Amino acid sequence: NPIFAIGFKEKSEGDAVKLQATYNCLLEYIFGKSSAFYNRLYDSGDIFDLSPSFNISKQCAFVEIAGEAENPKKVYEEVKKEIQRVKKCGFDEEEVTVIKNALYGKFLRKLNDVESIASDFAGNAFLGGEFLKYGEYLLELDGKKLADTLNEGFCESTLSQVLPMETAGGEK
C-alpha cells in the first residue's frame, strides 16, 4: 500500500513548549486514533494507519499527518474537509478535557524515562522553552484556544506519497 505524508506549514513564533502542547491536543482531537475522523476512515478501509505530529524549530514549524492508505489523494481531501468541518463546528469541551487528561498522563509517564527527559530538556532549551511547563500548558487549553490555533493555521498544505513498485510480473 502507498504511504503518504500531508504537511501544513505553521508559525514558529511564540513559546515552543506551549505550541507543542496546543498542537498535540489539537491533532489528537481531530486526527487521533480515538477521533471520529480516524475511526470513520479506518472502518471504511480508507486508511490503514494515520499518525499526526507537530514539529518546530527556530526557523519553521509544521504539522505532519503521515499514514498508509490505498488512495492517499482521497485521504488528503478528507483531511482538508475535516479541518474545515472542525473550524465551522468548533470543539466539544468534554472531549477536549478527556484528550488533555490523556496527554497529561502520557507526559507524566514520560518523566520516568531519564533519556527522554534529557532529550526533551535539551531540545526545548535550544528553542527557548521550558520542558516542564508542558503539563501546565496542556491543562490551560480549552476549545477556544484550540479553535484560535486551528483558524490561524492549517492553510498551506501539500501531499507527498510513496507508491509501491510494480514487480516484473505486474503485481504489487
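Anyway, here's the lowdown on the structure attached to this text. Each chain has its residues counted from 1, running along the sequence as written. Local features in this predicted model are restricted to residues of pLDDT 70 or higher, and side-chain atom pairs are both shown and tallied only at a pLDDT of 80 or more, whereas totals for entire chains, interfaces and linings draw on every residue. With hydrogens and water stripped out, all remaining heavy atoms of the structure feed into the side-chain values.

### Points about the pairing of strand S1 (residues 3-10)
Every regular strand shows the same layout, with side chains that alternate between the two sheet faces. Filter applied, for reference: Whether two strands pair depends on DSSP finding at least two bridges between them. Where helices and strands are cited, they refer to DSSP runs of H or I of at least four residues and of E of at least two residues respectively, numbered from the N terminus.
Both S1 and strand S3 (residues 61-68) contribute to a ladder of 8 bridges, which runs antiparallel. Its bridge partner being in S3, Glu10 is matched across the sheet by Ala61. Bridge analysis of S1 against strand S4 (residues 157-162) gives 6 bridges, and the strand direction is antiparallel. Its bridge partner being in S4, Phe8 is matched across the sheet by Ser157.

### Quick look at the sheet that holds S4
Applied cut-off: Orientation is described by axes fitted as lines to C-alpha atoms, over the contacting stretch for helices, and by angles from 0 to 180 degrees between their N-to-C directions. A contact between two residues is defined here by any heavy atoms of the two lying within 4.5 Å.
Read across the sheet, 4 strands follow the order S2-S3-S1-S4 without closing on themselves; strand pairing throughout is antiparallel. Looking along the sheet, the strands with just one partner apiece sit at the ends: strand S2 (49-56) and S4. Averaged over all adjacent pairs, the angle separating strand axes in this sheet is 15°, with direction ignored. In this fold helix H1 (residues 16-31) packs onto S1, S2 and S3, with an angle of close to 165° to the strand it touches most, S2. Lying over the sheet, helix H3 (residues 72-89) contacts S1, S3 and S4, oriented at roughly 155° with respect to S4.

### Considering the packing of aromatic side chains
Centre-to-centre distance and the angle between the planes together describe a pair of aromatic rings. For clarity, the threshold we go by: What counts as a ring pair is set by centres within 6.5 Å for rings of Phe, Tyr and Trp (its six-membered ring), and what kind of pair is set by the plane angle: stacked under 30 degrees, edge-to-face over 60, tilted for all other angles. With a 1.4 Å probe rolled over the protein chains alone, any residue whose accessible area is under 20% of its type maximum counts as buried; one over 50% counts as exposed, and the rest are partly exposed.
Following the criterion strictly, the structure yields 9 aromatic pairs and no others. Relative to Phe91, the ring of Tyr29 has its centre 4.6 Å away and its plane inclined at 55°; by these criteria the two rings are tilted. One end of the pair, Tyr29, is in helix H1; the other, Phe91, is in the loop between H3 and helix H4 (93-110), with 62 residues separating them in the sequence. Here Tyr29 and Phe91 have matching classes, each one buried. With centroids separated by 5.3 Å and ring planes inclined at 40°, the aromatic side chains of Phe107 and Tyr134 adopt a geometry described as tilted. One end of the pair, Phe107, is in helix H4; the other, Tyr134, is in helix H6 (residues 134-140), and 27 residues separate them in sequence. Assessed through its relative accessible area of 11%, Tyr134 is described here as buried. Each residue in the set Phe8, Tyr23, Phe54 and Phe154 is aromatic and connected to the rest through ring pairs, giving one cluster.

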